[in-house]
Amino acid sequence: MSSSIASSSSSSSSSSKKEKKISLKTSDGEVFEVEEPVAMQLEIVRSFFADNEDVTEQTVMPLPNVSTAAMHGILEYCRAHEEFRRRMPEAAPEEEVRAFEAGYVDRKSNEELKEMILAANYLNISKLLDFLTGVAAKRIENKSVEYVRAFFGVENDFTPEEEANLRREYEWAFEGVDED
Amino acid sequence: MLSTKRTKTNSNIVITISTSSNHQLSSSAETIANNDDLLTEILLCQPIKSLLKFKSVSKHWLSLITSPSFSLRRTAIPKSISGLFVHRLSSQEYDFINLTSDPSHPPFQSHTFLNNKAYMLQSCNGLMLLSSNSGGHELPDNYCVYNPTTKQYTVLPPLPVNEVFKVIYGVNLAYDPSKSPHYKVICVRTYENSEEGVCQIEVYSSKTGPWRKSDGTFAAHYETEFGLGMFWNGVLHWISPWDSSLYFDADEEKVHEMPMPDTLDGDVRRRFRYFGECRGHLHLIEIYGPCAALFNVYEMERDYSGWMVKYQVDLLTVAAAFPEMVRSDPDTLDLHYYGFSILSIVREENDEDSYFLVHIPNKAIRYNFKDKSFKKIHEFAPVGMEIKVESILEYRWCHAFQYVETLAYV
């Protein structure tokens with residue numbers, strides 16, 4: 001991280017503490033040392049520290065529903081947003097944010113995306129969750145029903161007649177489906 | 001890459017694109033699918049077309065997408081007009097003009113209910129009011145409220161027999177999903193040979209059921225366009241070429257007078273060329289000349305203080321590019337010198353993109369208000385019958401019905 005900028009801008013209030021870190025332990029046992037303002041974007045972490053008076057800086061908060069891989073993705077997003085906020089506290093540089101988000105999500109496979117949606121949901125990061133569900137929505141909107149079932153692991157429980165009826169009823173909605 | 005065939009080899013292909021193990025892969029997918037909150041968030045972002053398609057994913061998806069709570073949340077998301085149905089005068093058929101960039105077939109070509117062909121009376125925030133007649137003038141029309149997106153419809157109970165107010169002036173739909181999931185249908189009736197133009201209103205509510213007489217009567221000029229009511233601002237509006245134009249508040253059930261722009265000459269009959277609602281704006285176009293290709297688009301102020309000039313239009317450039325809209329009449333000041341009609345004003349989220357559709361012989365032109373650019377977006381199939389070249393405008397604003405996709409339950 002760009003420590004020189006951080007220390008100069010926050011010198012007035014927290015010069016004694018340096019940069020406070022929060023320890024978060026993922027499901028597979030890895031401990032992440034996360035800068036406090038980044039960790040506080042995770043609502044579950046923020047409320048854990050706000051509600052428990054006896055926790056200290058040494059407390060390692062377990063996050064049993066988040067894998068290490070998902071955590072890397074989550075932190076990449078939250079750190080970038082913290083950086084935007086630090087540079088422009090009034091209003092985020094919208095175009096830069098959009099460019100970052102587009103590049104960020106392009107590199108994620110469908111599996112990574114789904115894992116991160118669950119992680120963002122569990123960690124209660126509403127901004128990231130809104131963004132990721134929007135991305136998942138875009139990835140499936142022009143796809144076939146079969147693709148979507150596979151994407152979400154959904155079992156087709158219609159009888160062939162029921163399914164044929166539904167398709168007939170909304171025939172026009174099945175036009176222009178992208179290739180899987 | 002993904003496939004539904006559940007053979008071993010195919011599922012192995014899936015795994016190679018992921019760093020996760022097979023077990024984790026299916027569990028994250030299924031966990032999302034089993035979490036209705038997450039699934040709902042993803043589905044709310046879908047276009048309506050995809051939602052209709054995804055009804056066939058599974059029974060759970062079908063019930064989620066068709067649930068009233070989902071339709072209410074999805075309906076609250078503002079949407080733009082995806083097309084226009086236009087009623088062809090010569091053949092009584094409907095043409096569909098696609099206004100999206102996505103090529104698509106008309107979702108609706110003809111509709112029948114109670115075994116009779118249905119006619120569109122009004123389109124209101126995605127729902128349509130249709131009428132049909134089983135034949136003969138003695139028999140009353142039947143009415144139905146139709147959702148052309150989901151194809152679901154409800155036939156309204158017959159209008160009650162009214163020995164005094166026998167004549168039906170018009171039936172209108174009032175539906176605003178941002179205020180309520182319910183709609184009302186408003187019928188204006190009058191006497192036979194009513195000189196004074198005394199009218200009475202009956203209201204049907206999808207929430208409370210049967211037709212009900214509204215208290216009191218009111219007077220209106222017999223040429224008031226009760227059949228062409230426009231619902232805006234929670235209120236139905238009726239324009240009249242003479243005397244007062246009116247509006248009816250369906251909640252307080254009172255009729256008010258609507259202010260109108262000044263005509264150049266107070267005694268002249270109003271020349272309406274367009275009256276319609278879009279994206280929460282009520283628009284009006286009247287053309288008096290001297291040149292019919294130059295005119296204003298008015299928009300009503302929300303507090304009814306009056307009409308403001310919203311756009312100024314110059315169709316002379318369009319006439320230069322499409323000379324077929326110039327008629328052979330030697331009098332260039334004649335209001336019919338330029339052959340065009342306005343089909344629909346379409347407001348976009350960003351007002352710079354707002355446009356209107358102009359019908360010239362055989363074509364529909366899209367004209368952008370802001371930068372005055374225009375292009376042909378639709379060619380109508382040639383008319384089936386021999387008619388005079390001068391009059392091949394087949395559609396007027398009252399024959400165009402907005403198509404707005406909606407999941408609204410009727």
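Residues numbered from 1 in each chain as written. Chains lettered and ligands numbered in written order. Predicted model: local features only at pLDDT ≥ 70, side-chain atom pairs only at ≥ 80, totals over all residues. Heavy atoms only, no water.

## Focus on the overall build of chain B
Formally: In DSSP terms, a helix is any run of H or I states spanning at least four residues, a strand is any run of E spanning at least two, and both are numbered starting from the N terminus. When a residue's accessible area, from a 1.4 Å probe over protein chains only, is under 20% of the maximum for its type it is buried; when over 50% it is exposed; and in between it is partly exposed. Residues are treated as being in contact if the distance between any of their heavy atoms lies within 4.5 Å. Using the Shrake-Rupley algorithm and a 1.4 Å probe, accessible areas are obtained, with residue cover drawn only from the displayed protein chains.
Scanning chain B from terminus to terminus reveals 7 helices and 26 strands. Out of the 410 residues in chain B, the part that is buried amounts to 52%. Within chain B, contacts between residues separated by at least 24 positions form 50% of all contacts whose residues are at least 6 apart in sequence. Of the roughly 19,300 Å² of accessible surface on chain B, 51% is carried by carbon and sulfur atoms.

## Considering the overall build of chain A
Short version of the rule: With the radius of gyration taken over C-alpha atoms, the globule rule is written as 2.2 Å times the number of residues to the power 0.38. A positive count includes Lys and Arg, and a negative count includes Asp and Glu. His and the chain ends are not counted in either. For this purpose, a charge sits on NZ of Lys, CZ of Arg, CG of Asp or CD of Glu.
Along chain A, the regular secondary structure elements total 10 helices and 3 strands. For chain A, the C-alpha radius of gyration of 21 Å lies well beyond 16 Å, the compact-globule estimate for 180 residues. Projected onto the principal axes, the alpha-carbon positions of chain A cover approximately 70 × 35 × 25 Å. The buried share of chain A, taken over its 180 residues, is 41%. At a minimum sequence separation of 6, the contacts of chain A that also span at least 24 residues come to 60%. Each charge sign in chain A was given a centre, from 21 positive and 37 negative side chains, and these centres are 6 Å apart.

## Considering the interface of chain B and chain A
What counts here: Here the quantity called buried area is the accessible surface, traced with a 1.4 Å probe, that two parts lose on coming together, added over both. Salt bridge, as used here: a side-chain nitrogen of Lys or Arg that lies within 4 Å of a carboxyl oxygen of Asp or Glu. What qualifies as a polar contact is a pair of N or O atoms within 3.5 Å, subject to a donor-acceptor requirement within protein and to the restriction that residues adjacent in sequence count only when both atoms come from side chains.
With 42 residues of chain B at the contact, the number on the chain A side is 42 residues. Each partner contributes to the roughly 3,800 Å² buried at the junction of chain B and chain A, and carbon and sulfur atoms together form 66% of this total. Counting across the chain B and chain A interface gives 1 salt bridge. With its nearest N and O atoms 4.0 Å apart, the salt bridge here joins Lys 59 of chain B to Glu 162 of chain A. In this assembly, chain B and chain A are joined by 8 residue pairs in polar contact (both at pLDDT 80 or more). Of all the secondary-structure elements, those providing two or more residues to the side of chain B that touches chain A are helix H2 (22-34), helix H3 (36-44), helix H4 (48-54) and helix H5 (59-66) of chain B.

## Quick notes on the UniProt feature "domain: SKP1 component POZ" (unreviewed entry) in chain A
Short version of the rule: UniProt positions are given in the numbering used here, feature names are shortened, and annotations may be inferred rather than shown by experiment.
According to UniProt, the positions carrying the feature "domain: SKP1 component POZ" (unreviewed entry) are residues 20-82 of chain A. With 44% helix and 21% strand, the stretch residues 20-82 of chain A has end C-alpha atoms that lie 14 Å from each other.

## Some words on the sheet that holds strand E5 (residues 119-124) of chain B
All names here are of chain B. Definition in use: The pairing criterion for strands is at least two bridges between them, as found by DSSP. Convention adopted: a line fitted to C-alpha atoms gives each axis, helices being fitted over their contacting stretch, and angles between N-to-C directions are expressed from 0 to 180 degrees.
As summarised here, the arrangement of the 4 strands in space is E5-E6-E7-E8, forming an open sheet in which the pairing is antiparallel. Only two strands of the sheet have a single partner each, and these edge strands are E5 and strand E8 (152-155). In this sheet, adjacent strand axes meet at a mean angle of 25° when their direction is disregarded. Of the strand pairs in this sheet, E5 and strand E6 (residues 127-132) are connected by 5 bridges, and their pairing is antiparallel. Note that in E6 the partner of Gln 122 across the bridge is Leu 129.

## Re the confidence of the model for chain B
Residue and element names in this part refer to chain B. The cut-off we apply is this: For every residue, the predictor reports its confidence as pLDDT, a number between 0 and 100.
Of the residues in chain B, 86% have a pLDDT of 70 or more, and the chain-wide mean is 84. Ignoring residues within four places in sequence, the model shows residues 1-25, a span with pLDDT below 50, making 23 contacts including any to other chains. On the interface metric, ipTM, the complex scores 0.85, and its pTM is 0.74.

## Quick notes on the UniProt feature "domain: F-box" (unreviewed entry) in chain B
In the UniProt entry, the feature "domain: F-box" (unreviewed entry) is given for residues 36-70 of chain B. With 77% helix and 0% strand, residues 36-70 of chain B has end C-alpha atoms that lie 11 Å from one another.

## Considering unusual backbone geometry
Residues and elements named next belong to chain B. Despite not being glycine, Asn 125 shows a phi value in the positive range, around 50°. Residue placement: Asn 125 occurs in the loop between E5 and E6. A relative accessible area of 26% means that Asn 125 is categorised as partly exposed. Phi at Lys 151 takes a positive value of approximately 65°, unusual for a residue other than glycine. Tracing the chain through its elements places Lys 151 in the loop between strand E7 (142-147) and E8.

## Here's the deal with the sheet that holds strand E1 (residues 83-87) of chain B
Residues and elements named next belong to chain B. If you trace the 3 strands from one edge of the open sheet to the other, you get E2-E1-E26, paired in antiparallel fashion. On the outer flanks of this sheet lie strand E2 (94-98) and strand E26 (400-403), each paired with one strand and no other. Each adjacent strand pair in this sheet contributes to an overall mean axis angle of 25°, direction not counted. By the bridge criterion, 5 bridges tie E1 to E2 in an arrangement that is antiparallel. Note on E2: the bridge partner recorded for Gly 83 is Asn 98.

## What to know about the pattern of salt bridges
Residues and elements named next belong to chain A. One pass over the full model with this rule turns up 30 salt bridges over all chains. Linking Glu 43 and Arg 46 is a salt bridge whose minimum nitrogen-to-oxygen distance equals 3.0 Å. Here Glu 43 pairs with Arg 46, and both are found in helix H4 (residues 43-51), just 3 residues apart, close to one helical turn. Put simply, Lys 114 and Glu 111 hold a salt bridge, and the shortest N to O gap is 3.1 Å. Linking Lys 114 with Glu 111, this pair stays in helix H7 (residues 110-123), spanning 3 residues, or about one helical turn.

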